[in-house]
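Residue-level structure breakdown
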Amino acid sequence: IFVYSPRRKQKDEPTHVVLNLKQNQTSFVAVVVVAEENANLIVTETMEGQDAGPAYRIEGDGVIAGQNATVKFATLQKLGMGVNSLIMRRASAGKDANVDWADISLGGGATRQETETVLDGEGAASAILGAFFGEKSQQLDILTKAVHNARSTTSTMDVKGALKGRAKAIVQGFTKIAEKASNSDGRQKANILLLSENAKASPIPKLEIDNFDVKASHSASVGQLDKDKLFYMMSRGMD
C-alpha cells in the first residue's frame, strides 16, 4: 500500500486514510507513506482475522515526513491467538516535521514489534504511544526507539499494558541523542499491570546520550493491583 501526499503551500485539514486488513494464513504487508512539505495525514490501520493457526504475519511500514509535515499512524491489532507476527515500523522526520505512532495490540499469539522514528531535521518531533493486553499464553516483544540526529528535536515514548494468565511481555525503550543534537528532549515511560501470579513482564529502558545540552529521562514500573485498592473495588461490587 502506497500513500502519497504532495507538497502544500500551507498546512490544511488532515487527510484520513483507513486501512482494514484481513489476515490470511500467511500475510506479507508493506505500507509506505510519503508526506511532502506541509502535508497533513492520518493513517488508521486495523488488523484482524484468522482465529485458527498456525498463521504468520510479516509487516513493514515506512513513513517519510518532509518539512513541516504531520503524519499520525495508528494501528489496532485484533488477530487470533494462532497468528504469530513480526512487525517493523520506521519513520524519518524532516525539519519541523511531526510523526506520531499509536499502536494497540489486543490479540495474536507471539508478536515481535519495533517502532522507530529518526529525527533528521531541526525541530522535528515524534510521539510513540503503545497499549497492549495479553492473556493465556500470549507473548509480546515490543521495542520503541527514537534517534535524535538534529538540534531541538523532541521525542516521547509511553507504553502501557496489562497481562493475565501466563502471558509474557518484554517492553524495551531506546532513546539515542547524537552529538550534534543539542537542545533535544527525549522521554520514555512504561507501565505494566500484572493481573495474575503467572504473568510476567520486563520493561527495559535505555538511553544513549552523546551531548550534554539535552534533556532525557526514563521510567518503568511493573506490579500487581494494590491489595487495598482491590479490596475497595470488591466492596463496591466487582468480583
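Refer to the preceding data block for the structure.
This write-up is about the structure you can find in this document. Model, not experiment: these values are computed from the prediction.

Concerning the overall build of the chain
Along its length, the chain carries one helix and 16 strands. Its C-alpha atoms give the chain a radius of gyration of 19 Å, within 12% of the compact-globule value 18 Å for 239 residues. The C-alpha extent of the chain, read off along each of the three principal axes, is 55 × 45 × 30 Å. Within the chain, the fraction of its 239 residues that count as buried is 44%. Residue pairs in contact within the chain that sit at least 24 positions apart in sequence constitute 86% of those at least 6 positions apart. With 29 positive and 28 negative side-chain charges, the chain shows a spacing of 3 Å between the two charge centroids.

Notes on the side chain of Ser 85
The residue Ser 85 is located in strand β7 (residues 83-93) in this model. Classification of Ser 85 as buried rests on a relative accessible area of 7%. For Ser 85, the contacting residues outside a window of four places in its chain are Arg 57, Leu 79, Ala 110, Thr 111 and Arg 112.

With respect to the sheet that holds strand β2 (residues 15-22)
Sheet architecture is open: eight strands sit in the order β2-β4-β6-β8-β10-β12-β14-β16, paired in parallel fashion. Edge positions in the open sheet fall to β2 and β16 (215-224), since each of these has one partner strand only. Averaged over all neighbouring strand pairs, the angle between strand axes comes to 5 degrees, with direction disregarded. Across eight bridges, the pairing between strand β8 (residues 98-105) and strand β10 (residues 125-134) is parallel. Looking at the pairing, Trp 101 lines up with Ile 128 of β10.

Digging into unusual backbone geometry
Phi angles above zero are rare outside glycine, and Lys 136 is one such case at about 55 degrees. Note on placement: Lys 136 falls in the loop between β10 and β11 (139-148). Residue class for Lys 136 comes out exposed when judged on its relative accessible area of 54%. Positive phi outside glycine occurs at Asn 183, with the angle close to 60 degrees. The topology assignment puts Asn 183 in the loop between β13 (168-177) and β14 (185-194). For Asn 183, a relative accessible area of 46% translates into the label partly exposed.

Observations regarding a nonpolar patch on the surface
A cluster of nonpolar side chains, namely Phe 28, Ile 58, Leu 86 and Met 88, defines an oily patch on the protein surface of about 390 Å² accessible area. Here Ile 58 is to be found in strand β5 (residues 55-65). Since its relative accessible area comes to 40%, Ile 58 is described here as partly exposed.

What about the pairing of strand β6 (residues 70-79)?
Taken residue by residue, a regular strand's side chains alternate between the two faces of the sheet. As judged from the ten bridges shared by strand β4 (residues 40-49) and β6, these two strands associate in the parallel manner. The partner of Met 47 across the bridge, within β6, is Gln 77. Examined bridge by bridge, β6 and β8 share eight bridges and lie parallel to one another. When the sheet's bridge partners are listed, Ala 74 is paired in β8 with Ala 102.

Comments concerning the side chain of Gln 113
Within the secondary structure, Gln 113 sits in strand β9 (residues 110-119). The exposure class assigned to Gln 113 is buried, which follows from its relative accessible area of 6%. Apart from the residues within four sequence positions on either side, Gln 113 is in contact with Ile 87, Arg 89, Asp 103, Ser 105, Asp 141, Ile 142 and Leu 143.

What to know about the pattern of salt bridges
For the structure on display, the rule yields 18 salt bridges. Residue Asp 100 pairs with Lys 72 through a salt bridge whose shortest N-O separation is 3.0 Å. Of this pair, Asp 100 sits in strand β8 while Lys 72 sits in strand β6, and the two are 28 residues apart along the sequence. On the accessibility criterion, Lys 72 (37% relative accessible area) is partly exposed. Of the charged contacts, one joins Lys 176 and Asp 210 as a salt bridge, the two residues approaching to 3.5 Å between their closest N and O atoms. Here the residue Lys 176 occupies a position in strand β13, and Asp 210 occupies one in the loop between β15 (200-209) and β16, the gap between them amounting to 34 residues. Residue Lys 176 is classed as partly exposed on the basis of its relative accessible area of 22%. A single salt-bridge network, built from bridges that share partners, covers Lys 22, Glu 48 and Lys 78.

Calculation criteria
Residues numbered from 1 in each chain as written. Predicted model: local features only at pLDDT ≥ 70, side-chain atom pairs only at ≥ 80, totals over all residues. Heavy atoms only, no water. Helix = DSSP H or I, 4+ residues; strand = E, 2+ residues; numbered from the N terminus. Rg over C-alpha atoms; globule rule 2.2 N^0.38 Å. Buried < 20%, exposed > 50% of the residue type's maximum accessible area, 1.4 Å probe, protein only. Contact = heavy atoms within 4.5 Å. Lys, Arg positive; Asp, Glu negative; His and termini not counted. Charge placed at Lys NZ, Arg CZ, Asp CG, Glu CD. Pairing = 2+ DSSP bridges. Axes fitted to C-alpha atoms, helices over the stretch in contact; angles between N-to-C directions. Patch = residues over 30% accessible without salt bridge, like charges linked within 9 Å, V, L, I, M, F, W, Y side chains within 5 Å. Areas by Shrake-Rupley, 256 points an atom, 1.4 Å probe, with all protein chains shown as cover. Salt bridge = Lys/Arg side-chain N within 4 Å of Asp/Glu carboxyl O.

Shape is all these values report; function is a separate question.
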